[in-house]
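Architecture and fold: a report
The lines below spell out each chain.
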Amino acid sequence: MNSDDVVIRLVDLHKVYGKPGTSVEVHALRGVSMDIRRGEYLAIIGSSGSGKSTVMNILGCLDRPTRGRYELYGEDVTHLDDDRLSDVRGRRIGFVFQSFNLIPALTVLENLETPLFYQNIPARARAAKAREMIERVGLADRAEHRPVELSGGQQQRVAIARALMTDPVMLLADEPTGNLDSRTGQMILSLLEELNAGGTTVVLVTHDPHIARRVKRCVELSDGRIVQDRLNSAQVRQDAAHAHALQASEAH
Ligand SMILES: Nc1ncnc2c1ncn2[C@@H]1O[C@H](COP(=O)(O)OP(=O)(O)O)[C@@H](O)[C@H]1O
Ligand SMILES: [Mg+2]
């Protein structure tokens, strides 16, 4: 692997909320450094208040660090202004939230089209892409429904399809199964695994130990620092075998 494979580089990130020097000052991150490579499937774990959402918000260009550097595809995005940051976000990153965040008044297909509204994409191309994505998550028969008519798991599949509309290099998911029963949560995880197997880099936040075991790499935060960064050898072996099989089949 060479450095081109690094999608994200975090260097000594600090995040301080509140007014410095006052009692409301909170050090949410205290020197977080890590690289995330193309094709990784990574979970950020840690107890409540450890800084998980703060890292996710910075990764997703929703917020900036107080100190340190964030490189996305080799571009230093630490000090971009709001417009540039939202541009990067729109082009590069897909978001999935615990609470789905679908627009209730719009149909499933209309929800899928929303990320493309700001990108000068003709209506017909938007609609075609939405059709493709709804099929990809297995919900073509619900295309004209509204979110309220869907189960939680179906809504999350729509949210994942929407996140994929811009062909993001990276999918960020903050507790994507947090509002789902365990069986439905498993289905969402399988979908994320499938997307990852297809090459999408997936970073999720969870405090569910079952999920932490299913990902390929697990980074644990405690009090704003990385206290553990480990590969799940079973998943990584599986992945290597898969890559090997792919290479072998491409050689023919
Ligand atoms: N907007 C904010 N203003 C002030 N403090 C915040 C803000 N967001 C988070 N914090 C504090 O920063 C710390 C880390 O929070 P967070 O990243 O949300 O943790 P986690 O997602 O792991 O529960 C916590 O102590 C939290 O109270
Ligand atoms: Mg959180």
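Below is a summary of the structure that appears in this document.

Thresholds, definitions, all that
- Residues numbered from 1 in each chain as written.
- Chains lettered and ligands numbered in written order.
- Predicted model: local features only at pLDDT ≥ 70, side-chain atom pairs only at ≥ 80, totals over all residues.
- Helix = DSSP H or I, 4+ residues; strand = E, 2+ residues; numbered from the N terminus.
- Rg over C-alpha atoms; globule rule 2.2 N^0.38 Å.
- Buried ≥ 20, exposed ≤ 12 C-beta atoms within 10 Å, placed from the backbone.
- Contact = placed C-beta atoms within 7 Å.
- Near = placed C-beta within 6 Å.
- Pairing = 2+ DSSP bridges.
- Axes fitted to C-alpha atoms, helices over the stretch in contact; angles between N-to-C directions.

**A word on the overall build of the protein chain**
Of the regular secondary structure elements, the protein chain holds 8 helices and 10 strands. The C-alpha atoms of the protein chain give a radius of gyration of 19 Å, which matches the 18 Å a tight globule of 252 residues would have. For the protein chain, with 252 residues in total, the buried portion stands at 36%. Taking all contacts inside the protein chain whose residues are at least 6 apart in sequence as the whole, residues at least 24 apart take part in 68%.

**A short note on the environment of Thr-107**
Of note, Thr-107 is situated in the loop between β6 (93-97) and α3 (108-113). On a C-alpha basis, the gap between Thr-107 and Arg-142 in space is 8.9 Å, while along the polypeptide they are 35 residues apart. Look past the residues within four positions of Thr-107 in its chain and what remains in contact with it is Glu-144, His-145 and Arg-146.

**A word on the environment of Pro-122**
Here Pro-122 is to be found in the loop between α3 and α4 (123-136). Through-space distance from the C-alpha of Pro-122 to that of Glu-250 is 36 Å; in sequence the pair is 128 residues apart.

**Notes on the site of ligand 1**
In the vicinity of ligand 1, the contacting residues are Tyr-17, Gly-18, Val-26, Ala-28, Gly-46, Ser-48, Gly-49, Ser-50, Gly-51, Lys-52, Ser-53 and Thr-54. Only β2 (26-37) and α1 (52-59) provide two or more residues apiece to the shell around ligand 1. With 3 residues, the top contributor of residues to the shell around ligand 1 is α1.

**Some thoughts on the pairing of strand β1 (residues 6-17)**
Sheet analysis places β1 next to β2, joined by 9 bridges and oriented antiparallel. Each residue of the ladder has a partner; that of Ile-8, found in β2, is Ile-36. Pairing of β1 with strand β4 (residues 67-72), which is carried by 5 bridges, proceeds in the antiparallel orientation. Note that in β4 the partner of Ile-8 across the bridge is Leu-72.

**Section: the sheet that holds strand β8 (residues 201-205)**
Strand order in the open sheet formed by 6 strands is β6-β7-β8-β3-β9-β10, with mixed pairing between adjacent strands. Since the sheet does not close on itself, it has two edges, and those belong to β6 and β10 (225-231), each with one partner. Strand-to-strand, the axes of this sheet are offset by a mean angle of 15°, without reference to chain direction. When β6 meets strand β7 (residues 170-174), the two strands line up parallel, connected through 5 bridges. Each residue of the ladder has a partner; that of Phe-97, found in β7, is Asp-174.

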